[in-house]
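# Observations on chain architecture
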Amino acid sequence: WHARSLLETSPPWPASPGNRVSVDCGGRGRSIRSTIRVETGCSPEELWKRLSNLSTILTIDPFHEAVTLMRDAPATGVDVVLYHNAFGRRFDRFGRILWWREGEGFAVSDLSSRGDDRGFPHIFEYRIEHVSDDRSALQVKVTGRWTNRFVPSWLGRWWIAAICRYHAMLLRHGL
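So, a few notes on the structure that sits alongside this text. (Residues numbered from 1 in each chain as written. Predicted model: local features only at pLDDT ≥ 70, side-chain atom pairs only at ≥ 80, totals over all residues. Heavy atoms only, no water.)

## Quick word on the side chain of D110
Locating D110 in the fold gives a position in strand β6 (residues 105-112). On the accessibility criterion, D110 (0% relative accessible area) is buried. A polar contact is formed between the side chain of D110 and the side chain of H64, at a distance of 3.1 Å. In terms of polar contacts, D110 uses its side chain to reach the side chain of R93, at 2.5 Å. Ignoring any residue separated from it by four or fewer positions in sequence, one finds D110 in contact with H64, L82, H84, R93, F94, F120, P121, H122 and F124. (Helix = DSSP H or I, 4+ residues; strand = E, 2+ residues; numbered from the N terminus. Buried < 20%, exposed > 50% of the residue type's maximum accessible area, 1.4 Å probe, protein only. Polar contact = N/O pair within 3.5 Å; in protein donor to acceptor, adjacent residues only side chain to side chain. Contact = heavy atoms within 4.5 Å.)

Rendered as structure tokens:
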């Protein structure tokens, strides 16, 4: 329901027409990596304005319901709380802004409250690619480790790939 509601409500900016999307998923063993690329019809500067609004950009995700920064402004080292909603079950996960570069992008961790070796610990890396003066692309890399021993890692990779494809659709609409 949460992810569907993201598609039904409009973002705080007009959507760029003709956003093209690609998704690449893979990994080996228990490691998982996915890359989502969304080409937009906005300039790199405009895309950074959208990207730097963490409360909005991080909730364009199938499971993220809200985000709280533990300081007023985003910067390297700032802790974050990621409020999740998965199938009607709400839970908090915690992370940190691992790096923050104005005009370029940032990375943030997403870890279980039960420990960093539980519940698919992963990192989101958001980067802006310059396509032209009036066009840019957002690249989102998700890297993590499948920790559930009851579900085979190949099935975990399939699940994360499906979630990333849905995430890409939300980003396409939300950017």
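## Things to note about the side chain of T40
Along the chain, the position of T40 falls in strand β2 (residues 31-40). A distance of 3.4 Å separates a polar atom in the side chain of T40 from the backbone nitrogen of C42.

## Structural notes on the layout of surface pockets
Within this model, the largest pocket holds a volume of roughly 790 Å³. As for the largest pocket, its lining consists of 31 residues, of which F91, R93, G119, F120 and W159 are closest to the centre. Listing elements by their share of the lining of the largest pocket, those giving two or more residues are β4 (79-86), β5 (89-101), β6, β7 (122-132) and α4 (153-174). A per-element tally of the lining of the largest pocket places α4 first, with 5 residues. (1 Å grid on protein atoms, 1.4 Å probe; cavity = no way out; pocket = protein on both sides within 12 Å on 5 of 7 lines; lining within 4 Å. Points joined across faces, edges and corners; volume = space filled by probe spheres on them.)

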